[in-house]
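# Summary of structural features
Now for the letters of each chain:
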Amino acid sequence: MRGEMDYDILFHGPCEPLFTIDPSVIDSIIGTKSYNYALGHTDFADNLLHLHLYLKANKKPKQVYLYVTPESFDLRFNIFHTYRFAPYLDDSLVSKVVKDMDPDYYEQTNIPFMRFAFYNSYKIFDAIQGLKHYIKGKDSPYFKDGHISHPNTDFHTKSDGYIAPEHLVYAANLNVEELTDSSLYYELYEERQSFNWDANRAKYLTQIFELCNQHKIQLILYESPAYAGAVKDQPNRQLFLMRTDSIAKHHNSEYLIFNDEKITIEKSNFVCPLILSVKGTAPFLKIFSDSIRKRLH
């Protein structure tokens, strides 16, 4: 919001790009200047508002790569984080979307200070940290290019040594498997996992396209490699991929599905069905970089 962002490319979406896309690696391969703008567990409405606020304050990028997978359209996965937009309700688009996504909260904001009440129970530690940083004059971001890199700690021996699993323990059907190479894999899907298409999710994906079109930004949808052993047991996965591709084509764009078998077939390349491990990230970033290079004008 200080207006200091100036990047050619933004990578946007929920957890999967947050932990997978390292802009410094991509930039070193193709000479771009990119930023990881993803936030954990976010849906399309959340993505829309974050992109809108970015474009209000910063120079527009040439391209935005938005992560989309079948679960992106299912209300059981990801969510709209109302509290993140409490400071920006004076913005007409923010106000409109918050009212649509969380009408109870929106109605209560008429009470003085009520819009910030959620922070009392959920973000109090961050607020104290922020005050401490303010007093000390610390204003450098923890993650300068948006990407949360994997810690150097070996997660072979300590499950929370790898950042992704620590943030994945929200699923009721979580099944943790220790692989033969001592790495960990978290199965989050049920057997015969089918998805439910939500029209409101699709509506906000369309609005992201419209926002990018308004600013003359090329929006490209993509899905990073998914573990073949998990997604093969999803009866309507292909239907969702086709519907997503149709939305992209309607807006003269593309839906890139990276399903390189050398990556997708090996479980050790993943920490869960959709998030690549350190091992799986390296070859994917090279493939992704080559794909981006072809689309740069």
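Remember, it's a predicted structure, so these values are computed and weren't measured experimentally.

Moving on, we come to the overall build of the protein chain. Each helix and strand counted, the protein chain has 13 helices and 7 strands in total. Within the protein chain, buried positions represent 51% of all 297 residues. At a minimum sequence separation of 6, the contacts of the protein chain that also span at least 24 residues come to 76%. Working note: accessible area of the protein chain is about 15,400 Å², and carbon and sulfur atoms make up 53% of it.

Moving on: the packing of helix α3 (residues 44–57) against helix α4 (residues 92–101). Where α3 meets α4, the closest approach of the two axes is 10 Å, and the angle between their N-to-C directions is 170°. As far as their axial angle goes, α4 and α3 are roughly antiparallel. Of α4, the residues touching α3 (which contributes Ala-45, Leu-48, Leu-49, His-52 and Leu-53) are Leu-93, Val-94, Val-97, Val-98 and Met-101. Across the contact of α3 with α4, the residue classes break down as 9 nonpolar, 1 polar and no charged.

What follows deals with the side chain of Gln-234. With respect to the helices and strands, Gln-234 occurs in the loop between α10 (228–231) and α11 (237–250). A relative accessible area of 7% places Gln-234 in the buried class. Once residues lying within four places of it in the same chain are set aside, the contact partners of Gln-234 are Tyr-189, Gln-193 and Phe-195.

Once that is clear, we can look at α3. Taking 1.5 Å per residue, 14 residues should reach 20 Å; α3 reaches 20 Å between its end C-alpha atoms and fits that length. On its buried side, α3 packs onto β1 (9–12), β3 (63–67), α4 and α9 (199–214). For α3, the side-chain oxygen to backbone nitrogen distance between the N-cap and Ala-45 is 3.2 Å, and the N-cap itself is Asp-43.

So, about the confidence of the model for the protein chain. Close inspection of predicted coordinates is inappropriate for parts of the model with low pLDDT. Per-residue confidence for the protein chain gives a mean pLDDT of 88, with 89% of residues at or over 70. Overall, residues 152–172 carries pLDDT values under 50, and its contacts beyond four positions in sequence, including any with other chains, amount to 41 contacts.

Turning our attention to the packing of aromatic side chains. Here the structure, examined in full by the defined rule, presents 22 aromatic pairs. Seen in terms of ring centroids, Phe-195 and Phe-240 are 6.0 Å apart; in terms of plane orientation they differ by 55°. Their pairing is tilted. Placement of Phe-195 in the loop between β5 (184–187) and α9 and of Phe-240 in helix α11 is noted, with a sequence separation of 45 residues between them. Summarising the burial analysis for this pair, Phe-195 and Phe-240 share the class buried. Pairing Tyr-222 with Phe-288 gives two aromatic rings, centres 4.9 Å apart and planes at 35°, and the pair type is tilted.

With that out of the way, let us pick up the sheet that holds strand β7 (residues 255–257). On the basis of which strands lie adjacent, the open sheet formed by 5 strands has the order β2-β1-β3-β6-β7 and parallel pairing. In this open sheet, the two strands that pair with only one neighbour each are β2 (34–36) and β7. Taking the axes of each pair of neighbouring strands and ignoring which way they run, one obtains an average angle of 20° across the sheet. Each of β1 and β3 touches α3; the most contacted strand, β1, lies at about 155° to it. Sheet strands touched by α11: β6 (218–223) and β7. Its angle to β7, the strand with the most contacts, is close to 145°.

This part takes up the pattern of salt bridges. A full pass over the atoms with the stated rule returns 14 salt bridges. A salt bridge links Asp-74 to Arg-76; the shortest N-O distance between them is 2.7 Å. On the basis of relative accessibility, which here comes to 1%, the residue Asp-74 falls in the buried class. Classification of Arg-76 as partly exposed rests on a relative accessible area of 45%. Here Lys-279 makes a salt bridge to Glu-266, at a shortest N to O gap of 2.2 Å.

Calculation rules
- Residues numbered from 1 in each chain as written.
- Predicted model: local features only at pLDDT ≥ 70, side-chain atom pairs only at ≥ 80, totals over all residues.
- Heavy atoms only, no water.
- Helix = DSSP H or I, 4+ residues; strand = E, 2+ residues; numbered from the N terminus.
- Buried < 20%, exposed > 50% of the residue type's maximum accessible area, 1.4 Å probe, protein only.
- Contact = heavy atoms within 4.5 Å.
- Areas by Shrake-Rupley, 256 points an atom, 1.4 Å probe, with all protein chains shown as cover.
- Axes fitted to C-alpha atoms, helices over the stretch in contact; angles between N-to-C directions.
- Parallel < 35°, antiparallel > 145°, perpendicular 65-115°, else oblique.
- Nonpolar A, V, L, I, M, F, W, Y, C, P; charged D, E, K, R; others polar.
- Expected span 1.5 Å × (residues − 1).
- Polar contact = N/O pair within 3.5 Å; in protein donor to acceptor, adjacent residues only side chain to side chain.
- pLDDT = per-residue confidence, 0-100.
- Phe/Tyr/Trp six-rings, centres within 6.5 Å; stacked < 30°, edge-to-face > 60°.
- Pairing = 2+ DSSP bridges.
- Salt bridge = Lys/Arg side-chain N within 4 Å of Asp/Glu carboxyl O.

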